[in-house]
Amino acid sequence: MGIQEDIKKLEDELLHTQYNKATQKHVGILKAKLAKLRDEQQNPKGSGGSSGPSYAIRKTGDATVAFVGFPSVGKSTLLNKLTNANSEVGAYAFTTLTIIPGLMEHKGAKIQVLDAPGIISGASFGRGRGSEVLAAVRNVDLVMLVVDVFSPEHIPILEKELGNVGIRLDQEKPDVKIEKHDRGGLAINKTVNLTKIDEGTITAIVGEHRIHNAAILIREDIDADQLIDVVLDSRSYIPTLVIVNKIDLADEENLKKTEAAIGDRPHVFVSGHKEINLEELKDKIFETLGFIKLYLKPQGGKADLEEPLIILKNSTVEDVCNRLHRDFVKNFRYALVWGESAKHPGQRVGLDHVLKDGDILTIVVRRSL
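Summarised in this report is the structure supplied together with it. Note that the coordinates shown come from a computational prediction; the quantities given were computed from them, not determined experimentally. (Residues numbered from 1 in each chain as written. Predicted model: local features only at pLDDT ≥ 70, side-chain atom pairs only at ≥ 80, totals over all residues. Heavy atoms only, no water.)

**Quick notes on the nonpolar core**
Taken as a class, soluble globular proteins show a tendency for nonpolar side chains to be buried jointly.
Move 1: In this structure, Ile243 and Ile285 are the most contacted members of the largest nonpolar core, which totals 56 residues.
Move 2: With 6 residues, the single largest contributor to this core is strand 4 (residues 142–148).
Move 3: Structurally, this core is a two-domain feature, drawing no fewer than three residues from each of domain 2 (63–87 + 96–170 + 236–289) and domain 3 (291–365).
Move 4: Apart from residues no more than four positions distant in its own chain, Ile285 is found in contact with Val65, Leu82, Met104, Ile111, Leu142, Met144 and Leu241.
Move 5: By size, the runner-up hydrophobic cluster in this structure holds 20 residues, among which are Ile188, Val206, Ala214 and Ala224. (Core = buried A, V, L, I, M, F, W, Y, C linked by side-chain atoms within 4.5 Å. Buried < 20%, exposed > 50% of the residue type's maximum accessible area, 1.4 Å probe, protein only. Helix = DSSP H or I, 4+ residues; strand = E, 2+ residues; numbered from the N terminus. Domains from an automatic or database assignment. Contact = heavy atoms within 4.5 Å.)

**Quick notes on the packing of helix 6 (residues 199–208) against helix 7 (residues 224–232)**
Each pair of packed helices can be summarised by the angle the axes make with each other and by the distance between the axes.
Move 1: The contact between helix 6 and helix 7 brings their axes to 10 Å, and the two run at 35°. Here helix 6 and helix 7 pass one another in a crossing that is right-handed. Residues Ile202, Ile205 and Val206 of helix 6 form the contact with helix 7, whose participating residues are Ala224, Leu227, Ile228 and Val231.
Move 2: Its residues assigned to classes, the contact of helix 6 with helix 7 comprises 7 nonpolar, no polar and no charged. (Axes fitted to C-alpha atoms, helices over the stretch in contact; angles between N-to-C directions. Left-handed = near helix turned anticlockwise from the far one by under 90°. Nonpolar A, V, L, I, M, F, W, Y, C, P; charged D, E, K, R; others polar.)

**Thoughts on the environment of Ala136**
Move 1: In this structure, Ala136 sits in helix 4 (residues 130–136).
Move 2: According to the relative accessible area criterion, Ala136 is partly exposed, its value standing at 24%.
Move 3: Placed 79 residues apart in sequence, Ala136 and Ile57 show a C-alpha to C-alpha distance of 7.4 Å.

**Digging into the packing of aromatic side chains**
Move 1: By the definition in use, this model includes 1 aromatic pair.
Move 2: Taken together, a centroid distance of 5.1 Å and an interplanar angle of 45° make the contact between Phe286 and Phe291 tilted.
Move 3: With relative accessibility at 13%, the residue Phe291 sits in the buried group. (Phe/Tyr/Trp six-rings, centres within 6.5 Å; stacked < 30°, edge-to-face > 60°.)

**Regarding unusual backbone geometry**
Most of the time, phi is negative for any residue but glycine, and the peptide bond is trans.
Move 1: Non-glycine residue Asn277 carries a positive phi angle of around 65°.
Move 2: Summarising the element assignment, Asn277 is placed in the loop between strand 11 (267–269) and helix 9 (278–289).
Move 3: The phi dihedral of Asn314 is positive, around 70°, even though this residue is not glycine.
Move 4: With respect to the secondary-structure elements, Asn314 resides in the loop between strand 13 (309–312) and helix 10 (317–324).

**Looking at the packing of helix 3 (residues 75–82) against helix 9**
Move 1: For the pair helix 3 and helix 9, the least separation of the axes is 11 Å and the interaxial angle reads 85°. Judged by the angle between their axes, helix 3 and helix 9 are roughly perpendicular. Contacts from Leu78, Lys81 and Leu82 of helix 3 reach helix 9 at Leu278, Leu281, Lys282 and Ile285.
Move 2: Tallied by class, residues from the contact of helix 3 with helix 9 come to 5 nonpolar, no polar and 2 charged. (Parallel < 35°, antiparallel > 145°, perpendicular 65-115°, else oblique.)

Following this line, the structure appears as structure tokens:
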């Protein structure tokens, strides 16, 4: 029996298992097995690669965002209107056969925009080389779900396909730490009351992934799926922006129906072809990414307050080091911070220090550079 058949069998068993206190552990084990198989499907051992086009893209700029949607929803037109790219446009499916990058400059930020080939239902299982396309989206800073105004029902399908390859949309990484040991069994500690999972289920799930000796610290009320994500440690947590395209073709009633289907998640209605609301779209992308300004100060010198470094919110000193020079992390000694994130002016901090808007930063490295 192949992996896909095993996955289908587990999905059917989950579907027909009534969830309650008595079945919680069994359901947890089924979900753990299913997640392990899906990971194996996405990253088969000993795979020799594919002879088709490569979808790997080198990230550039201050942030990277990606259009994800069904074929012919207007992603390529939007890319061409927003950036300096030249993505082929046609009134038929699968015009884009590889990922096309473009660069959008807005409010001082340089944002890399990717146009991915159209996704179809079943993409995460490899249909239309969809699993490779979806895998290339894992490292972006914002996923833009593009639908046309007549097909808002595509949104949950896209969410499911992205979820199947380990992309968690609009979620934060669970506050759980697992420290593996050579011996001593499991020590499960929690700082909150767990209402969605019990210790027996926790033990069964980590055991399914061959973790039998570890210290587990849980700081939020997680469920089985979140624990599995932490155990696998291969998930991407990415915010989304819904883009409803081709509004020039719809009447008022259609627009209201589509808006109701989207709900309260961030979205913008546009027409790439007629260039309607494209500036609003740029603003929304910038706003959803949540940029902050950072001012760099050379050691012993004055801060450059004229040209700030544009970085994403919640960026750390390590993120900035990676932006500035490939060897900064390797040769890092310490950093000095002035501003809202510092406990006092010129606080000495490490690589994991989280920066805030308007901070001034000095990075001190060994002289071997």
